[in-house]
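Coordinate inspection notes
Here is what each chain is made of, one letter per residue.
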Amino acid sequence: MLSQEQLDRINALANKSKVEPLSEAETAEQKELRAAYLEAFRGSFKNQLMGMKIVDEEGTDVTPEKLKQAQEEERNKQ
């Protein structure tokens, strides 16, 4: 995950862009920070999915096959 400093900088640039145009350097920095944020978010979300198991009211495993296969592939990588 991104550091608090990086998150603060993303927010500062977003707020600044609402008031005045960003310089080319600030725009490039904003683009890099956003890309890093999205990469971290996607990785975190993928980890959550890989640990998920869906069970119905009767206790039957109803996890979609596609997710089960992805979880198995992830286990085999490790």
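A few points on the structure. Because the structure is predicted, anything quoted here is derived from the model rather than measured.

As for the environment of L38
Relative to the assigned elements, L38 resides in helix α2 (residues 24-50). L38 gets classed as partly exposed once you look at its relative accessible area, which sits at 39%.

Section: the environment of R42
As for its position among the elements, R42 is in helix α2. Considering only alpha carbons, one finds R42 and E29, 13 residues apart in sequence, at a separation of 20 Å.

Some words on the packing of aromatic side chains
This structure, assessed with the given rule, holds two aromatic pairs. Ring geometry for Y37 against F41: centres 6.5 Å apart, planes inclined by 20°, an arrangement best described as stacked. Residue Y37 and its partner F41 are both found in helix α2; the two are separated by four residues, about one turn of the helix. Exposure remark for Y37: the relative accessible area of 32% places this residue in the partly exposed category. Consider the rings of F41 and F45, whose centres lie 6.4 Å apart with planes at 10°: the pair is stacked. Of this pair, F41 and F45 both sit in helix α2, separated by four residues, roughly a single helical turn. Three or more aromatic residues joined by ring pairs form one cluster here, namely Y37, F41 and F45.

Considering the pattern of salt bridges
Should their charged atoms come close, side chains of opposite charge can pair. Per the stated rule, a full pass over the model turns up six salt bridges. Between R9 and E29 there is a salt bridge, and its shortest N-O distance comes to 3.0 Å. Here R9 is found in helix α1 (residues 4-19), whereas its partner E29 is found in helix α2, with 20 residues between them in sequence. For E29, a relative accessible area of 28% translates into the label partly exposed. In this structure, E65 engages K68 in a salt bridge whose closest nitrogen and oxygen atoms are separated by 3.7 Å. Separated by three residues within a single helix, E65 and K68 lie in helix α3 (residues 65-77), roughly one turn from each other. Here K68 falls in the partly exposed class, since its relative accessible area comes to 29%. By sharing partners, the salt bridges in this structure join D61, E65 and K68 into a single network.

Cut-offs applied
Residues numbered from 1 in each chain as written. Predicted model: local features only at pLDDT ≥ 70, side-chain atom pairs only at ≥ 80, totals over all residues. Heavy atoms only, no water. Helix = DSSP H or I, 4+ residues; strand = E, 2+ residues; numbered from the N terminus. Buried < 20%, exposed > 50% of the residue type's maximum accessible area, 1.4 Å probe, protein only. Phe/Tyr/Trp six-rings, centres within 6.5 Å; stacked < 30°, edge-to-face > 60°. Salt bridge = Lys/Arg side-chain N within 4 Å of Asp/Glu carboxyl O.

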